[in-house]
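Spelled out, the chains give:
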Amino acid sequence: MFNSIKSALIISSLTLAITACGGGGSKATSNENQTPVVFDYQALIDQTISDVIPGIVLLVETPERKFLGSSGLADIDSHLPMQVDHIMPNGSAGKKATALLTVILAEEGLLSLDDLISNWLPEQLLSQIPFSEQMTIRQLLNHSAGVYDYLDDDTIADFFAAIQADPESLKTDAFALQFALNQPAYFEPGEGWEYSNTGYLLVGLVLDEILGEHHSIAMRNRVFDPLAMHSTHFGGVEKEQGDIISGYYHDIDGDFTSEAGKVINTKSWYENIGVADAPMVASVEDMALLLRSIVSDDSNISQDIRTIMMAEDNLQYIDGEESYALGLFKTSIAGNVVYEHGGLEAGYSTFNLYIPAINTSITAFANCGGSDPCEEQFDDLIKQVLIEELL
């Protein structure tokens, strides 16, 4: 949600950094026995904790080793230490779950990815979305529909104002969608690429119509439980299954409050939000498991479904080698194809990447998000981890 292509920008800047360092060279080794030097990731995350980033959880898993560590605080007021199994909103990193569920339902024959959304949604709604009569489910999933993003600059403040005005009520796709209605399209469906959270809201509403119930139930039965994602639930709708940690937004310019520079604990905002563009509350291990299950051949997900998720005819090329499939970015770093999709919320940051060729997962959480200082410090952490694993 919020600004969900941030992780792709990290990847782009990292590629430049690796190129400057001479490409994907060999790992450092000790002089005595030529065994790989083990990087101290715990020290790295300890050093990253600051007044801006209260807490971090980091997972780096390769065939040879696994680091799972935490540092800092999950809640500043109570001084609750961050733990490796803490859960938080994953933001747009959860789009891959919505896309996966949609493909599973397509394979079951309940829908076609090329169905027009006008087959499922009411005219009263569609009449407020330009070109909606031409949009397919596939186009919404790979951001080629051109539909206005409800978190665009002109409407994001209104969305968060509505959240703050009523944090206690459950807010699902229809609530968020109201901020995209009667807004101009970016282009006609199929005529370009523009990241739009609204597209996933529309997919969520289509799934509800097809299933005859909220799609969180199908998400539980077809994705979370079969993949043994035991620390994961659908945000807001399944909030009784686990308490999220606090998230901190540094309102530098007074965008969400009348007091510039105020630090806001946004936990209450997100406890009751459950939307298809950012559906998941999960631990780092479950987030890594989901991505690895979609991409890796060693998976409980069928080959047919995984092939559709990443099929060439679903790819929308963004810039150079970078492309977007169904719920996933695909690009290359130091000659390695990588799949990733992070998430950014007001108060929460997620990075989630998998490198098939070396069977390596990198997932990180921080309980800050949305402000430049947080993003810069979190980006620096991710760049250091990626350089360590790829150089």
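Scope of this entry: the structure provided in the associated data block. (Residues numbered from 1 in each chain as written. Predicted model: local features only at pLDDT ≥ 70, side-chain atom pairs only at ≥ 80, totals over all residues. Heavy atoms only, no water.)

Some details on the overall build of the protein chain
Selection criterion: Runs of E in the DSSP output that reach at least two residues are strands. Runs of H or I that reach at least four are helices, and both are numbered from the N terminus. Exposure is judged per residue with a 1.4 Å probe applied to protein chains only, and the accessible area is read against the type maximum: over 50% gives exposed, under 20% gives buried, and values in between give partly exposed. Contact criterion: two residues are considered in contact whenever any of their non-hydrogen atoms come within 4.5 Å of each other.
Each helix and strand in the protein chain was counted, giving 13 helices and 15 strands. Residues classed as buried in the protein chain amount to 57% of the 391 residues present. For the protein chain, the share of sequence-separated contacts (at least 6 apart) that also reach a separation of at least 24 residues comes to 68%.

So, the nonpolar core
Nonpolar side chains in soluble globular proteins generally cluster together in the buried interior. For clarity, the cut-off: The definition of a nonpolar core used throughout is a set of buried Ala, Val, Leu, Ile, Met, Phe, Trp, Tyr and Cys residues joined through side-chain atoms within 4.5 Å.
Counting 89 residues, the largest nonpolar core has Leu100, Ile117, Tyr150, Val223 and Leu290 as the members making the most contacts within it. Beyond its immediate chain neighbours, meaning those up to four positions away, Leu100 contacts Val223, Leu227, Leu290, Ile294, Ile301, Ile305 and Met309. Within the second largest apolar cluster, 25 residues are counted, among which are Leu58, Phe67, Ile355 and Leu386.

Regarding the environment of Pro226
When you line up the elements, Pro226 lands in the loop between α9 (216-224) and β5 (233-234). Spatially, the C-alpha atom of Pro226 lies 7.7 Å from that of Asn300, the residues being 74 residues apart in sequence. Not counting the four nearest positions on each side in its chain, Pro226 is found in contact with Arg220, Asn221 and Asn300.

Looking at the packing of helix α2 (residues 41-48) against helix α13 (residues 372-390)
Put simply, the rule is: Lines fitted to C-alpha atoms define the axes here, with helix axes fitted over just the stretch in contact, and angles between the N-to-C directions of these axes take values from 0 to 180 degrees. In this scheme, roughly parallel covers angles under 35 degrees and roughly antiparallel covers those over 145, while 65 to 115 is roughly perpendicular and the rest are oblique. Crossing handedness is defined as follows: a turn of the near helix away from the far one that is anticlockwise and smaller than a right angle gives a left-handed crossing, while the clockwise case is right-handed. Residue type decides the class: Asp, Glu, Lys and Arg count as charged, Ala, Val, Leu, Ile, Met, Phe, Trp, Tyr, Cys and Pro as nonpolar, and the leftover types, Gly among them, as polar.
Packing of α2 against α13 leaves a shortest axis separation of 10 Å and a crossing angle of 165°. Classified by the angle their axes make, α2 and α13 are roughly antiparallel. Between α2 and α13 the crossing geometry is right-handed. Facing Tyr41, Leu44, Ile45 and Thr48 of α2, the residues of α13 in contact are Gln377, Leu381, Gln384, Val385, Glu388 and Glu389. Its residues placed into classes, the contact of α2 with α13 shows five nonpolar, three polar and two charged.

Focus on the sheet that holds strand β4 (residues 88-89)
To keep things clear, this is the line we draw: Strands pair, by our definition, only if DSSP identifies at least two bridges between them.
Spatially, β4-β8-β5 is the arrangement adopted by the three strands of the open sheet, whose pairing is antiparallel. What marks the edges here is a single partner per strand, and that holds for β4 and β5. Pairing of β5 with strand β8 (residues 280-282), which is carried by two bridges, proceeds in the antiparallel orientation. Looking across to β8, one finds that His233 is bridged to Val281.

Things to note about the pattern of salt bridges
Stated precisely, the cut-off is as follows: Every case where a carboxyl oxygen of Asp or Glu lies within 4 Å of a side-chain nitrogen of Lys or Arg is listed as a salt bridge.
In this structure the tally under the stated criterion is nine salt bridges. The salt bridge involving Glu61 is made with Arg292; its shortest N-O contact spans 3.9 Å. Highlighted residues: Glu61 in strand β1 (residues 55-61) and Arg292 in helix α11 (residues 284-295), separated in sequence by 231 residues. On the basis of relative accessible area, Arg292 is assigned to the partly exposed category, the value being 22%. For the salt bridge of Arg222 with Glu108, the shortest nitrogen-to-oxygen distance reads 3.0 Å. Of this pair, Arg222 sits in helix α9 while Glu108 is found in the loop between α3 (95-107) and α4 (123-126), placing the two residues 114 residues apart along the sequence. For Arg222, a relative accessible area of 28% puts it in the partly exposed group. Owing to a relative accessible area of 43%, Glu108 belongs among the partly exposed residues under this scheme. Each of Arg220, Asp225 and Glu238 takes part in a single network of salt bridges with overlapping partners.

Quick notes on the packing of aromatic side chains
Convention followed: When the centres of two rings from Phe, Tyr and Trp lie within 6.5 Å, Trp using its six-membered ring, the rings pair. Their planes under 30 degrees apart give stacked, over 60 give edge-to-face, and anything left gives tilted.
Across all of its chains, the model carries 15 aromatic pairs by this definition. Look at Phe160 and Trp269: their rings are 5.7 Å apart centre to centre, the planes differ by 45°, and that puts the pair in the tilted class. Of the two residues, Phe160 is situated in helix α6 (residues 156-165) and Trp269 in helix α10 (residues 267-270); the sequence distance between them amounts to 109 residues. Relative accessible area serves as the criterion here: at 5%, Trp269 is assigned to the buried category.

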